[in-house]
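Listed below are the residues making up each chain.
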Amino acid sequence: MYTDTDRCVRAVRSKDARFDGWFFTAVRTTGIYCRPSCPAVPPKVENMTFLPSAAACQQAGFRACKRCRPDTSPGSPEWNARADAVARAMRLIQDGVVDREGVPGLAVRLGYSTRQVERQLNAELGAGPLALARAQRAQTARLLIETSELPMGDIAFAAGFSSIRTFNETVREVFALAPGELRLRAGKTSRHVPKVPGTISLRLPYRAPLNPDNLFGHLAATAVPGVEEWRAGAYRRTLRLPYGTGVVALSPQPDHIGCQLALTDLRDLTIAISRCRWMLDLDADPEAVDEQLRADPLLAPLVDKAPGRRVPRTVDAAEFAVRAVLGQQVSTAAARTHAARLVAAYGEPVADPDPEGGLTHLFPSPQALAALDPGYLALPASRRTTLTTLVGALADGSLPLGVDSDWETARARLNALPGFGPWTTEVIAMRALGDPDAFLPSDLGVRRAAKELGLPPTPAALTARAAGWRPWRAYAVQYLWATDAHPINHLPV
């Protein structure tokens, strides 16, 4: 979008927050870059240049605006709506792959050479993977400086910097302020440390509108005991992270998502934030989604009644794949019971930082489940074969699932497994892989809603009608599900 100058100028002049994260405005005369919705008086058109990422702005020598804080805007929704190499690279960078494995590791995961990855990212984003990862580290550092009381040394390493000197230099360069000055501007001091080491409170931004009902309702209604729970107005769950474990509590607020993280290793902070944003679909563009779905006169009333529905995803694609198999042709309660038995037998124990909390385990890893006794679960023989085959493929790496997965390749590999039909494959594509166009025409709830609305009730006819909803059919499913009284559609009391 940043190449459409006229459209960008109109967005800046109208201070349209819908475009925050889509592009950034760099002002040549002041040397700063802003969100489109910056409250400052818009600069003259001839002084504006538009860039696709905060990293590109920083690489061009611009520093972040102190009023609109463009580094804290929601991420571009483009990366979660595409499956090409650039989008997959961006999702991996957000998940911390460059910090952990370097650019060569990123290239290996994408199946390209390092040179090709550098070229493609520079061509589309104006910055290479190192610059993009550096911008993310700077954003995390500012977030911690302004919202926590952690010592600066802890913040430097939690944000992914290799040294305190690099941390100080980057913060000064990007924000034109020293770390201590950023904290003072935010009204914070460094005299106190958290009562519980590693516990941090954050605000996760999103594009309005956001309807929390189905988002948190789905996560709470399907929560696996010991791994997830809804308590005190927040969805809580355990996290398996590269350097350790964590517990997160996420609560919907009028203009943000409240996030409390307790980590065993602060180096996991950036990754934990990224995975929570992914799970809650916070980088979506609800205006674009709802506008497309409103074009169907039978869907329009559902969208107008409760706009801004998100797709509830997962923090662990392998975990969700296992749970999808456990949920085949059974009730939500039965699926939770099966999953809870797996957790009790094969999950890794964790300590809940909240003494009143009920979180006890991580969901079992594929490697732990590889030792699963097929007779342990009260499942039909065919379902046991499906589960053990899936777990084996996940454990030996022949079925890689994650934010970097090519959606069609993953579908083909899933469909090749015994017991995998369209419903299981598509629900994994929707909630584990994040394909915004995944569709479940054979789902019972979808078919009931279609019949009530006057949409075609058969899977083939409904799929044909849904062609007009592309590329947002996964969101259409959320609106269709919402016509039912099932607990997944309601924010818990």
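Per chain, residue numbering runs from 1 following the sequence as it is written. In keeping with the predicted nature of the model, local features appear solely for residues at pLDDT of at least 70, side-chain atom pairs appear and are counted solely at 80 or more, and the whole-chain, interface and lining totals rest on all residues. Only hydrogens and water are removed before side-chain values are computed, so all heavy atoms of the structure are retained for them.

## Overview of the overall build of the protein
For clarity, the threshold we go by: In this text, helices come from DSSP runs of H or I with a minimum length of four residues, and strands from runs of E with a minimum of two, each type numbered from the N-terminal end. In this description the radius of gyration comes from C-alpha coordinates, and the expected globular size is given by 2.2 Å times residues to the power 0.38. We call a residue buried when its accessible area falls under 20% of the maximum for its residue type, exposed when it is over 50%, and partly exposed in between, using a 1.4 Å probe and counting protein chains only. Any two residues having at least one pair of non-hydrogen atoms within 4.5 Å are treated as being in contact. The method behind every accessible area is Shrake-Rupley, applied with a 1.4 Å probe, and residues are considered shielded solely by the protein chains displayed. Asp and Glu count as negative and Lys and Arg as positive, but His and the ends of the chain are not part of the count. Just so you know, the charge point we use is NZ for Lys, CZ for Arg, CG for Asp and CD for Glu.
Scanning the protein from N- to C-terminus turns up 22 helices and 11 strands. In terms of overall size, the protein behaves like a compact globule, its C-alpha atoms giving a radius of gyration of 23 Å where 493 residues would be expected to give roughly 23 Å. When its C-alpha atoms are laid out on the principal axes, the protein stretches across 70 × 50 × 50 Å. Taken over 493 residues, the protein has a buried fraction of 56%. Contacts in the protein between residues far apart in sequence, at least 24 positions, make up 68% of those at least 6 positions apart. For the protein, the accessible area works out to roughly 20100 Å², and carbon and sulfur atoms hold 53% of it. Averaging the positions of the 57 positive and the 50 negative side-chain charges in the protein gives two centres separated by 2 Å.

## Looking at the side chain of Arg-88
What counts, and what does not: A side-chain nitrogen of Lys or Arg and a carboxyl oxygen of Asp or Glu constitute a salt bridge if their distance falls within 4 Å.
Assignment of secondary structure puts Arg-88 in helix 3 (residues 85–94). No salt bridge forms around the buried Arg-88; measuring N to O, its nearest opposite-charge neighbour Asp-406 is 4.8 Å away. Dropping the residues within four chain positions of it, Arg-88 is found in contact with Ala-83, Arg-109, Leu-110, Asp-404, Ser-405 and Asp-406.

## Here we look at the nonpolar core
The nonpolar side chains of a soluble globular protein tend to be buried, and buried together. Defined as follows: For our purposes a nonpolar core is just a set of buried Ala, Val, Leu, Ile, Met, Phe, Trp, Tyr and Cys residues, chained together by side-chain atoms within 4.5 Å.
Ranked by internal contacts, the top residues of the largest apolar core, which has 61 residues, are Leu-293, Val-322, Leu-387, Leu-390, Ile-428 and Trp-469. In terms of residue count, the dominant contributor to this core is helix 14 (residues 317–326) (8 residues). The residues touching Leu-387, leaving out its near neighbours within four places in the chain, are Val-322, Val-325, Leu-326, Leu-372, Leu-377 and Leu-379. Counting 55 residues, the second-largest nonpolar core is a separate cluster that includes Ala-54, Leu-144, Val-174 and Cys-276.

## Details of the environment of Val-174
Along the chain, Val-174 falls in helix 8 (residues 164–175). It is 11 Å that separates the C-alpha atoms of Val-174 and Ala-60, two residues lying 114 residues apart in sequence. If we ignore the near neighbours within four places in the chain, the residues touching Val-174 are Tyr-33, Gln-58, Arg-63, Ala-64, Arg-134 and Ala-138.

## Looking at the packing of helix 20 (residues 444–453) against helix 22 (residues 473–481)
Put simply, the test is: Lines fitted to the C-alpha atoms define the axes, with helices restricted to the stretch that makes contact. Angles between their N-to-C directions range from 0 to 180 degrees. Note that the term roughly parallel is reserved for angles under 35 degrees, roughly antiparallel for angles over 145, roughly perpendicular for angles of 65 to 115, and oblique for everything else. Polarity classes work like this: nonpolar for Ala, Val, Leu, Ile, Met, Phe, Trp, Tyr, Cys and Pro, charged for Asp, Glu, Lys and Arg, and polar for all others, with Gly in that last group.
With their axes 8 Å apart at the nearest point, helix 20 and helix 22 run at an angle of 70° to one another. It follows that helix 20 is roughly perpendicular to helix 22 by the angle criterion. Here Gly-445, Val-446, Ala-449 and Leu-453 of helix 20 lie close against helix 22, whose contacting residues are Val-477, Leu-480 and Trp-481. Of the residues belonging to the contact of helix 20 with helix 22, the class tally is 6 nonpolar, 1 polar and no charged.

## Structural notes on the sheet that holds strand 8 (residues 245–252)
Note the following rule: Pairing between strands requires that DSSP locate at least two bridges from one strand to the other.
With antiparallel pairing, the 5 strands of this open sheet are ordered in space as 5-9-8-7-6. Of all strands in the sheet, those bounded by a partner on one side alone are strand 5 (199–204) and strand 6 (228–231). The sheet shows a mean angle of 20° between the axes of neighbouring strands, taken without regard to direction. Two elements, strand 8 and strand 9 (residues 257–263), share 7 bridges in a ladder whose sense is antiparallel. Note on strand 9: the bridge partner recorded for Val-247 is Ala-262.

## Some remarks on the confidence of the model for the protein
Cut-off, in case you're wondering: A residue's pLDDT is simply how confident the predictor is in it, with values from 0 to 100.
Taken over all residues, the pLDDT of the protein has a mean of 90, while the share at 70 or more is 97%. Mean pLDDT across the secondary structure elements of the protein bottoms out at strand 5, with 84, and peaks at strand 11 (residues 361–362), with 98. Confidence drops under a pLDDT of 50 for residues 188–197, and excluding neighbours within four residues, the segment shows 13 contacts in the predicted structure.

## A look at the packing of helix 4 (residues 97–110) against helix 5 (residues 114–125)
Two quantities define a packed helix pair, namely the angle between the helix axes and the distance between the axes. Closest axis-to-axis distance for the helix 4/helix 5 pair is 8 Å, and the angle between their directions is 90°. As far as their axial angle goes, helix 5 and helix 4 are roughly perpendicular. Contacts from Val-103, Pro-104, Leu-106, Ala-107 and Leu-110 of helix 4 reach helix 5 at Thr-114, Val-117 and Glu-118. Of the residues that constitute the contact of helix 4 with helix 5, the class distribution is 6 nonpolar, 1 polar and 1 charged.

## Side note on the UniProt feature "domain: HTH araC/xylS-type" (unreviewed entry) in the protein
Our working rule: UniProt positions are given in the numbering used here, feature names are shortened, and annotations may be inferred rather than shown by experiment.
Under the UniProt annotation, "domain: HTH araC/xylS-type" (unreviewed entry) lies at residues 87–185. With 80% helix and 0% strand, the stretch residues 87–185 has end C-alpha atoms that lie 35 Å from each other.

## Quick look at the side chain of Ser-53
Basically, it comes down to this: Definition of a polar contact: a pair of N or O atoms within 3.5 Å, with one able to donate and the other able to accept a hydrogen when the atoms are protein atoms, and with sequence-neighbouring residues admitted only if both atoms are side-chain atoms.
Residue placement: Ser-53 occurs in the loop between strand 3 (48–51) and helix 2 (54–59). What makes Ser-53 buried here is its relative accessible area of 7%. Within the structure, Ser-53 has its side chain in polar contact with the backbone oxygen of Leu-125 (distance 3.2 Å). Residues contacting Ser-53, with those up to four places away along its chain left out, are Phe-24, Leu-125 and Leu-132.

## Let's talk about the sheet that holds strand 3
Pairing is mixed across the open sheet formed by 4 strands, whose spatial order is 3-1-2-4. The open sheet is flanked by strand 3 and strand 4 (63–64), the only strands paired with a single partner. As judged from the 3 bridges shared by strand 1 (residues 24–27) and strand 2 (residues 32–34), these two strands associate in the antiparallel manner. Directly across from Ala-26, in strand 2, lies its bridge partner Tyr-33.

## Regarding helix 4
Note the cut-off: What a helix should span is 1.5 Å times the count of its residues minus one.
For helix 4, spanning 14 residues, the distance from its first C-alpha to its last is only 11 Å, which falls clearly below the expected 20 Å at 1.5 Å a residue. All of the buried residues in helix 4 are Val-97, Val-98, Val-103, Gly-105, Leu-106, Ala-107 and Leu-110. Contacts made by the buried residues of helix 4 are with helix 3, helix 5 and helix 6 (129–147). The first or second residue beyond helix 4 is Gly-111, which carries a positive phi of 80°.

## Comments concerning the packing of aromatic side chains
As a reminder, the rule being used: A pair of aromatic rings is counted whenever rings of Phe, Tyr or Trp (Trp by its six-membered ring) have centres within 6.5 Å, and the orientation is called stacked for planes under 30 degrees apart, edge-to-face for over 60 and tilted otherwise. Criterion for a charge above a ring: Arg CZ or Lys NZ at most 6 Å from the ring centre, at most 35 degrees from the ring normal.
Using the criterion set out here, one finds 6 aromatic pairs in the structure. Measuring from ring centre to ring centre gives 6.0 Å for Phe-439 and Trp-469, while their planes differ by 85°; the resulting arrangement is edge-to-face. Remark: Trp-469 occurs in the loop between helix 21 (459–465) and helix 22 and Phe-439 occurs in the loop between helix 19 (422–431) and helix 20; sequence separation between them is 30 residues. Looking at Arg-137, its charged tip hangs above the ring of Phe-161, at a distance of 5.7 Å from the centre. Between the NZ or CZ atom of Arg-267 and the centre of the ring of Tyr-243, over which it lies, the distance is 4.0 Å.

## A short note on unusual backbone geometry
The amide bond that connects Ala-208 to the next residue, Pro-209, takes the cis arrangement and shows omega of 0°. Counting through the fold element by element, Pro-209 comes out in the loop between strand 5 and helix 10 (212–221). The backbone of Ala-176 sits at a positive phi, close to 60°, despite the residue not being glycine. By the element assignment, Ala-176 lies in the loop between helix 8 and helix 9 (179–185). Residue Ala-176 is classed as partly exposed on the basis of its relative accessible area, which comes to 34%. Positioned with a positive phi, Ala-232 is a non-glycine residue whose angle comes to about 55°. Secondary-structure assignment places Ala-232 in the loop between strand 6 and strand 7 (234–240).

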